[in-house]
Amino acid sequence: MADTALTARQRSPLGDAAHRLAAATRSSRGAIRLAELPFLAQVNVRLDAKGPAAEAVGLALGLQLPVEPNTAVHAGDVTAVWLGSDEWLVVGLRGTERDLESRIRSAAGDEPVSVTDVSAQRTTLLIGGPRARDLLAHGCSLDLHPRAFGPGRCAQTTLARTQVVLVARDEPRAGFWVLVRSSFAGYLADWLLDAAVEYR
């Protein structure tokens, strides 16, 4: 009997742009770093932040769900991004979305919780380097000064008129994650590459 399983290779939204992002990184001589982080696990979680499920879910993930607006918490390979008073985006390594969903549901028990795998909805751009903030400032109206948007901060905002989730990573020199809907990823990559020309 013939094997009817799908054998198509998974393709990232910016797979065709990888060489251009790498070339912009090289030509900037270390000023900026541009890359796609494809296929990160992304799970949307909604629950009562003051209920028992919030603490249990945090323990299951190895971190505390952030309750301060516009903050992100990172532990190990998992990041929890605050999206609202009862909503978070949990980001993990590629292929871990089912595990994350299972851990969250099990930890919540009988408490009301909504857990949705949204991994295919967005891709992630990494923007790093000493001029990363300058590059982002060309198309984002947020105050990106480290005092206002330092490590561990996040925001739902627009970059080059594109809705994104912007996360200031908390590791030294880790830069920013820009989570963008897959359908807008090509446009945003083109905009970033155009804006990055001045750093050659």
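Just so it is clear, the structure is predicted and the values come from calculations on it, not from any experiment. (Residues numbered from 1 in each chain as written. Predicted model: local features only at pLDDT ≥ 70, side-chain atom pairs only at ≥ 80, totals over all residues. Heavy atoms only, no water.)

Re the packing of helix α2 (residues 52–61) against helix α3 (residues 97–108)
Phase 1: For the pair α2 and α3, interaxial distance at closest approach is 8 Å and the crossing angle is 140°. The pairing of α2 with α3 is recorded here as oblique in orientation. Crossing hand, α2 versus α3: right-handed. Here Ala53, Ala56, Val57, Ala60 and Leu61 of α2 lie close against α3, whose contacting residues are Leu100, Arg103, Ile104, Ala107 and Ala108.
Phase 2: Class assignment of the residues belonging to the contact of α2 with α3 gives a composition of nine nonpolar, no polar and one charged. (Axes fitted to C-alpha atoms, helices over the stretch in contact; angles between N-to-C directions. Helix = DSSP H or I, 4+ residues; strand = E, 2+ residues; numbered from the N terminus. Parallel < 35°, antiparallel > 145°, perpendicular 65-115°, else oblique. Left-handed = near helix turned anticlockwise from the far one by under 90°. Contact = heavy atoms within 4.5 Å. Nonpolar A, V, L, I, M, F, W, Y, C, P; charged D, E, K, R; others polar.)

So, the nonpolar core
Phase 1: Counting 33 residues, the largest nonpolar core has Leu34, Leu135, Val178 and Leu188 as the members making the most contacts within it.
Phase 2: Counting residues per element, the ones that place at least two in this core are α1 (18–27), β7 (122–128), α4 (132–137), β8 (154–159), β9 (162–168), β10 (176–181) and α5 (182–195).
Phase 3: If you tally residues by element for this core, the top one is α5, at seven residues.
Phase 4: For Leu135, the contacting residues outside a window of four places in its chain are Ile32, Leu34, Ile127, Trp191, Leu192, Ala195, Ala196 and Tyr199.
Phase 5: One finds Val45, Trp82, Trp88 and Ile104 within the second-largest nonpolar core, a separate group that totals 19 residues. (Core = buried A, V, L, I, M, F, W, Y, C linked by side-chain atoms within 4.5 Å. Buried < 20%, exposed > 50% of the residue type's maximum accessible area, 1.4 Å probe, protein only.)

Considering the sheet that holds β10
Phase 1: In space, the five strands of this open sheet follow the order β1-β7-β10-β9-β8, with antiparallel pairing throughout. Single-partner strands in this sheet number two, and they are β1 (33–37) and β8. Across this sheet, the average inter-strand angle for adjacent strands is 30°, counted without regard to direction.
Phase 2: Two elements, β1 and β7, share five bridges in a ladder whose sense is antiparallel. Counterpart to Leu34 in the pairing with β7 is Ile127.
Phase 3: Each of β1 and β7 is contacted by α1, which is oriented at about 155° to β1, the strand it contacts most.
Phase 4: Sitting on the sheet, α5 is in contact with β1, β7, β8, β9 and β10, with an inclination near 135° to β10. (Pairing = 2+ DSSP bridges.)

Looking at the environment of Gly186
Phase 1: Inspection of the secondary structure assignment puts Gly186 in helix α5.
Phase 2: By relative accessible area, which is 31% here, Gly186 ends up partly exposed.

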